[in-house]
Amino acid sequence: QVQLVESGGGLVQPGGSLRLSCAASGSITSIGIMRWYRQGPGKQREFVASINSGGSAAYADSVRGRFTISRDNDKNTVYLQMNGLKPEDAADYYCNADVRTTIIPNLVNYWGQGTQVTVSS
């Protein structure tokens, strides 16, 4: 069993910054791509950013230049540094990862429970 636990959400004023973290735990042998998604009120879940085990990152157009994804492979943790936050960035942010475990050697996709980001003055 793998758990992804997000943290770092909260209330921030427009223009402010937040850093989200997502720690994976369980009988993990390796983690492939780690991703962040978000779902705003009344909206579909959308891709925000991804990073592979080598550190190559990809971003949604809406966040490129403002958000930075990074990971610590030793800690099985992915981060999302969010700068220049806008009201439209307010959403529940979800961590997603492709994980191999000692029980299942193939990559299996897992989701975290989400952390809420509110952008308001």
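Attention in this report is confined to the structure presented alongside it.

Thresholds applied
- Residues numbered from 1 in each chain as written.
- Predicted model: local features only at pLDDT ≥ 70, side-chain atom pairs only at ≥ 80, totals over all residues.
- Heavy atoms only, no water.
- Helix = DSSP H or I, 4+ residues; strand = E, 2+ residues; numbered from the N terminus.
- Rg over C-alpha atoms; globule rule 2.2 N^0.38 Å.
- Buried < 20%, exposed > 50% of the residue type's maximum accessible area, 1.4 Å probe, protein only.
- Contact = heavy atoms within 4.5 Å.
- Disulfide = S-S within 2.5 Å.
- Core = buried A, V, L, I, M, F, W, Y, C linked by side-chain atoms within 4.5 Å.
- Pairing = 2+ DSSP bridges.
- Axes fitted to C-alpha atoms, helices over the stretch in contact; angles between N-to-C directions.
- Polar contact = N/O pair within 3.5 Å; in protein donor to acceptor, adjacent residues only side chain to side chain.

## As for the overall build of the chain
Helix and strand counts for the chain come out as zero helices and 11 strands. Going from the N terminus to the C terminus, the chain shows its helices and strands as β-β-β-β-β-β-β-β-β-β-β. A compact globule built from 121 residues would reach a C-alpha radius of gyration of about 14 Å, and the chain, at 14 Å, matches this within 12%. When the 121 residues of the chain are sorted by exposure, 41% land in the buried category. Pairs at least 24 apart in sequence give 56% of the contacts found in the chain among residues at least 6 apart.

## Overview of the state of the cysteines
Summed over the entire model, instances satisfying the criterion amount to one disulfide. Two residues, Cys22 and Cys95, share a disulfide whose sulfurs are 2.1 Å apart. For the disulfide bridge between Cys22 and Cys95, the dihedral angle about the S-S bond is near -80°, and by the sign convention the bridge is left-handed. Of this pair, Cys22 sits in strand β3 (residues 18–26) while Cys95 sits in strand β9 (residues 91–101), and the two are 73 residues apart along the sequence. Judged by relative accessible area, which is 0%, Cys95 ranks as buried.

## Structural notes on the nonpolar core
Judged by nonpolar contacts, the single largest core of 31 residues is most densely connected at Trp36, Leu80, Met82 and Tyr93. When residues of this core are traced back to their parent elements, those giving at least two are β1 (2–7), β3, β4 (28–39), β5 (46–51), β7 (67–72), β8 (77–82), β9 and β11 (115–119). Aside from chain neighbours lying at most four places away, what touches Leu80 is Leu18, Arg19, Leu20, Trp36, Val48, Ala49, Phe67, Thr68, Ile69 and Tyr93.

## Structural notes on the sheet that holds β1
Within the open sheet, the four strands sit side by side as β1-β3-β8-β7. Their pairing is antiparallel. For this open sheet the edge positions go to β1 and β7, each flanked by a neighbour on one side alone. Taking each pair of neighbouring strands and ignoring which way they run, the sheet shows an average axis angle of 15°. Pairing analysis gives six bridges linking β1 to β3, with the strands arranged antiparallel. Its bridge partner lying in β3, Val2 is registered against Gly26.

## Re the side chain of Arg38
Among the structural elements, Arg38 can be located in strand β4. Here Arg38 falls in the buried class, since its relative accessible area comes to 6%. In terms of polar contacts, Arg38 uses its side chain to reach the side chain of Glu46, at 2.6 Å. A distance of 3.0 Å separates a polar atom in the side chain of Arg38 from a polar atom in the side chain of Tyr93.

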